[in-house]
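What the coordinates show
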Amino acid sequence: MAIRWVYVTHMKAILVSQTGGREVLQYVDLDTPKPGAGEALVRIEAIGVNFIDVYHRTGLYKMPLPFTPGSEAAGVVEEIGAGVDSVKKGDRVAYAMVRGAYAEYAVAPADKLVPLPEAIDVKTAAAAMLQGMTAHYLSMSVHRVKSGESVLVHAAAGGVGALLVQMAKMRGARVFGTASAKHLDIAREAGCDVVIDYTKDDFESIVMAETGGKGCAAVYDSVGKTTFDKSLECCGLRATLALFGQSSGTVPPFEPGRLAKNGVFLTRPSLVHYTDTRKELLWRAGDVLDWIGSGTLKLRIDREVPLRDAAEAHRALEARETTGKVLLIP
Ligand code: NDP
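In this text the structure is predicted, and so the values were computed from the model without any measurement.

Cut-offs and rules
Residues numbered from 1 in each chain as written. Predicted model: local features only at pLDDT ≥ 70, side-chain atom pairs only at ≥ 80, totals over all residues. Heavy atoms only, no water. Phe/Tyr/Trp six-rings, centres within 6.5 Å; stacked < 30°, edge-to-face > 60°. Buried < 20%, exposed > 50% of the residue type's maximum accessible area, 1.4 Å probe, protein only. Helix = DSSP H or I, 4+ residues; strand = E, 2+ residues; numbered from the N terminus. Axes fitted to C-alpha atoms, helices over the stretch in contact; angles between N-to-C directions. Parallel < 35°, antiparallel > 145°, perpendicular 65-115°, else oblique. Left-handed = near helix turned anticlockwise from the far one by under 90°. Contact = heavy atoms within 4.5 Å. Nonpolar A, V, L, I, M, F, W, Y, C, P; charged D, E, K, R; others polar.

With that settled, consider the packing of aromatic side chains. Pairs of aromatic rings are described using the distance from one ring centre to the other and the angle between the two planes. Scanning the model with the defined rule gives four aromatic pairs in all. Look at Tyr55 and Tyr61: their rings are 5.0 Å apart centre to centre, the planes differ by 55°, and that puts the pair in the tilted class. Residue Tyr61 is classed as partly exposed on the basis of its relative accessible area of 26%. Look at Tyr137 and Tyr274: their rings are 4.6 Å apart centre to centre, the planes differ by 5°, and that puts the pair in the stacked class. One end of the pair, Tyr137, is in helix 2 (residues 122-142); the other, Tyr274, is in the loop between strand 13 (265-267) and helix 7 (278-293), with 137 residues separating them in the sequence. Ring-pair connections join several aromatic residues into one group, and the members of that group are Phe51, Tyr55 and Tyr61.

Packing of helix 2 against helix 3 (residues 159-170) brings their axes to within 8 Å, and their N-to-C directions diverge by 45°. When the axes of helix 2 and helix 3 are compared, the pair comes out oblique. The crossing of helix 2 and helix 3 is right-handed. Contacts between helix 2 and helix 3 involve Gln131, Gly132, Thr134, Ala135, His136, Leu138 and Ser139 on the former and, on the latter, Gly159, Val160, Leu163, Leu164 and Met167. The residue inventory of the contact of helix 2 with helix 3, partitioned by class, reads six nonpolar, six polar and no charged.

Here is the structure:
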């Protein structure tokens, strides 16, 4: 009988087999995936850690088990599947919103991969994609910030927050930013005109006093449970209230009639809604990477953690310890 050799290559990855605490982030050997039609295999050099990874780990957002967490990375295209012409082997690329990034290799739909400009290194790209494009769609599309108007950005020293503050300033707005005491300097550095310690001071009365009772044209709220009620009160005439996260917990049910006070537009957007086409993805990623490359937009990388210590990265995020991006390095 002829012997048939089957070569299976392995990679290191994080696997979650049951949801729960940080201990469920297991560092294991898995088969390296193969790209199918329309897909590319990326050798990952840096992985962006996001709060949503914690929600997937704990089960707040449901995922089919077992799964490899993470949805943001950058690296080099190793292999392409049939019919792929948007990238080729050897291209440096980055992506967001594709599951399975906590690994040495990942397969992604080729049309979700963004080729990197010369000026951008892979770590910067992995750090910039998700939070940068989020700040972009919030300031350019959910509410297109205009010169001279007031906007309120919660968690202004966080990853999305600090980028959003900078983009709102680039568009000429007056920016109110909230943060906890130890983060106030970072919120100020990001460009906030008024910084408020929302763990101590009443941000609603400060915003209303500073705007002469008019309120803001947009309120960007990623904190949720602890801020939502007062965020609504800070909304001016026909303002947009963008609830785009819930770092402090989910917002309890509320009476929609409350929106009637100023004809407020309430939305709960996600990056997937605003990177629906390749054209839109390349526009947002292109702007973000160009602005970083030219120094217009400053990106903070808080720390780099080895992939095997993914639990430590989650600990830092959950402890509210980080100011800027946490990267995992395979
Ligand atoms: P970061 O970890 O960088 O920043 C979050 C900040 O939120 C913290 O630094 C902290 O700042 C503040 N915060 C307030 N209350 C809490 C709490 N109870 N626990 C932890 N942090 C708290 O996160 P990101 O900037 O990456 O994301 C911010 C939020 O936006 C998350 O909820 C995330 O899920 C969401 N998001 C939504 C997207 C979308 O498209 N809808 C896309 C990307 C992110 P401080 O101590 O100064 O208050």
